[in-house]
Amino acid sequence: MTGVLASQQISALIADGRISAQPAVISEQIQPASLDLRLGHVAYRVRASFLSGHNRSVADRLAELEMHRIDLSQGAVLEKGCVYVVPLMEQLDLPSGMQAVANAKSSTGRLDLLTRMITDGGTEFDRVPQGYKGPLYAEICPRSFSVLVRPGMRLNQIRFRDGQSILDDAALRALNADTPLVDGPAVISDGLGFSVDLKPETGTLVGYRAKPHTGVIDLDNIGGYSPAEYWEEVHSDTGRIILDPGAFYILVSREAVHIPPAYAAEMAPYLAMVGEFRVHYAGFFDPGFGHDAAGGAGSRGVLEVRCHEAPFVLEHGQIVGRLVYEKMDQVPQQLYGADLKSNYQGQGLKLSKHFHAA
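Residues numbered from 1 in each chain as written. Predicted model: local features only at pLDDT ≥ 70, side-chain atom pairs only at ≥ 80, totals over all residues. Heavy atoms only, no water.

## Examining the overall build of the protein
Helices and strands together make up the secondary structure of the protein, namely five helices and 25 strands. Expected size for 358 residues packed as a compact globule is a radius of gyration near 21 Å; at 20 Å, the protein falls within 12% of this value. With the C-alpha coordinates aligned to their principal axes, the bounding extent of the protein is approximately 55 × 45 × 35 Å. For the protein, with 358 residues in total, the buried portion stands at 54%. Looking at charge distribution, the protein has the averaged site of its 32 positive side-chain charges lying 3 Å from that of its 41 negative ones. (Helix = DSSP H or I, 4+ residues; strand = E, 2+ residues; numbered from the N terminus. Rg over C-alpha atoms; globule rule 2.2 N^0.38 Å. Buried < 20%, exposed > 50% of the residue type's maximum accessible area, 1.4 Å probe, protein only. Lys, Arg positive; Asp, Glu negative; His and termini not counted. Charge placed at Lys NZ, Arg CZ, Asp CG, Glu CD.)

## Concerning the nonpolar core
With 51 residues, the main nonpolar core has Ile158, Phe160 and Trp231 as its most contacted residues. Looking at this core, the element that brings in the most residues is strand E7 (residues 83-93), giving four residues. Setting aside anything within four residues of it in sequence, one finds Ile158 in contact with Ala33, Ser34, Leu35, Leu37, Leu92, Ala100, Val101, Ala102, Met117, Val128, Leu136 and Phe284. Counting residues in hydrophobic clusters, the runner-up holds 32 residues, among them Leu192, Val257, Ile259 and Met267. (Core = buried A, V, L, I, M, F, W, Y, C linked by side-chain atoms within 4.5 Å. Contact = heavy atoms within 4.5 Å.)

## Considering the environment of His356
Take His356: it is sitting in the segment after strand E25 (319-327). For the pair formed by His356 and Tyr225, sequence separation is 131 residues and the distance between their alpha carbons is 6.0 Å. Those residues in contact with His356 that sit more than four places away from it in its chain are Gly223, Gly224, Tyr225, Ser226 and Pro227.

## A word on the sheet that holds strand E16 (residues 217-218)
Judged by pairing direction, the sheet is mixed, and its three strands sit side by side in the order E6-E12-E16 without closing on themselves. Strands with a single pairing partner mark the edges of an open sheet, and in this sheet they are strand E6 (76-78) and E16. Judged from the two bridges that link them, strand E12 (residues 147-149) and E16 form a sheet pairing that is parallel. Across the sheet, residue Val147 finds its bridge partner in E16, namely Ile217. (Pairing = 2+ DSSP bridges.)

## Quick look at the UniProt feature "domain: 2'-deoxycytidine 5'-triphosphate deaminase N-terminal" (unreviewed entry) in the protein
Per the UniProt record, the feature "domain: 2'-deoxycytidine 5'-triphosphate deaminase N-terminal" (unreviewed entry) sits at residues 2-164. In the segment residues 2-164, helix accounts for 13% and strand for 42%; the C-alpha atoms at its two ends are 7 Å apart. (UniProt positions renumbered as here; feature names shortened; annotations may be inferred.)

## Topic: the pattern of salt bridges
Under the defined criterion, the tally for this structure stands at 19 salt bridges. Across the salt bridge formed by Asp93 and Lys133, the nearest N and O atoms sit 3.7 Å from each other. Pair noted here: Asp93 is in strand E7 and Lys133 is in strand E11 (residues 133-142), with a separation of 40 residues, a long-range link. With its nearest N and O atoms 4.0 Å apart, the salt bridge here joins Glu255 to Arg254. We classify Glu255 as buried; its relative accessible area is 9%. What you see here is one network of salt bridges that share partners, running through Arg18, Asp93 and Lys133. (Salt bridge = Lys/Arg side-chain N within 4 Å of Asp/Glu carboxyl O.)

## Here's the deal with helix H1 (residues 7-15)
Residues of H1 that are buried: Ser7, Gln8, Gln9, Ile10 and Leu13. Along its buried surface, H1 packs onto strand E1 (3-4), strand E2 (19-21), strand E3 (35-37), strand E8 (98-104) and strand E13 (156-162).

## A look at the side chain of Glu255
In this fold, Glu255 is placed in strand E19 (residues 248-257). Reaching out from Glu255, the side chain makes a polar contact with the side chain of Ser195 at a distance of 2.6 Å. (Polar contact = N/O pair within 3.5 Å; in protein donor to acceptor, adjacent residues only side chain to side chain.)

## Here's the deal with unusual backbone geometry
With an omega dihedral of -5°, the bond running from Gln22 to Pro23 counts as a cis peptide bond. Following the sequence through the fold, Pro23 ends up in the loop between E2 and E3. You will see that Asp112, though not glycine, has its phi angle at about 60°, which is positive. Mapped onto the fold, Asp112 is located in the loop between helix H3 (106-110) and strand E9 (113-119). A relative accessible area of 0% places Asp112 in the buried class. A positive phi angle is found at Asp190, which is not glycine, with a value near 55°. Tracing the backbone shows Asp190 in the loop between helix H4 (169-178) and strand E14 (192-195).

Structure, rendered in structure tokens:
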């Protein structure tokens, strides 16, 4: 076995007890190349973000850093600017040689809800070492909006892989020659380059910026919020915008991206050399994303951008991120967008599913 595990293989891990949960995993959690993880019944408000570190458990660190705990069973608000740790319902008992990586789900990232997984003995966020046996936790830090959460909500997801299956640039060029991965020239360097679209085909709307003082968002309230109450529209007729320090933006990629069914991709962490901003918390792209057979015809990637210390000029076509492609171990029995209720297939510039059309 070499590659990212597909939906049917994740089901087999559950059947074998390698993934266990209380209550049991439900079928809706299983995605083409990942498993959604569910919040448990309590949140711990902590003084600061942390990693447990070698030979130490998250529970030990919580004993040191906990300020108070919150019962989520009736729903509770996680406040903007605070850090919380929530035990997840799922636990792992991975076979040797199998590792896992987690990431925020797309709706989570689009709300600027920094959500990262931590584990016992962990020295990195969102990474589960080979053969890990133990509990999983979500660290949640709402950055733009306070949110109402309940047990069972799915804010992040986990992808399992056996061995090393990332495509190097030569393999990526060969794949692109066989099955074009973008709708224009492919910029391939440590992955597939992703650039920002600041010259829309019609109008001047290029993105949205989170407003600073807004109401709470109930994460179960789909389509229930007016964009104007939470977001300012960002317009440009010059092909450039200036990012404000500390502000959070939703933008869109110039490229329409395609993930063939035998591959999965991840938005690579932004590199500091690119400039004063970070792109994308929600980094998993499933097999079939933008794929013709799954009704996609190429889908543009939504970019979640946060500017850091200095105002920064972003230009149309500027490379802001890169997609790293990996081989699937098997083609998933269900593809993104084809059989699933995928909110974002064929997307352009789009806020999270909590907001209705303006």
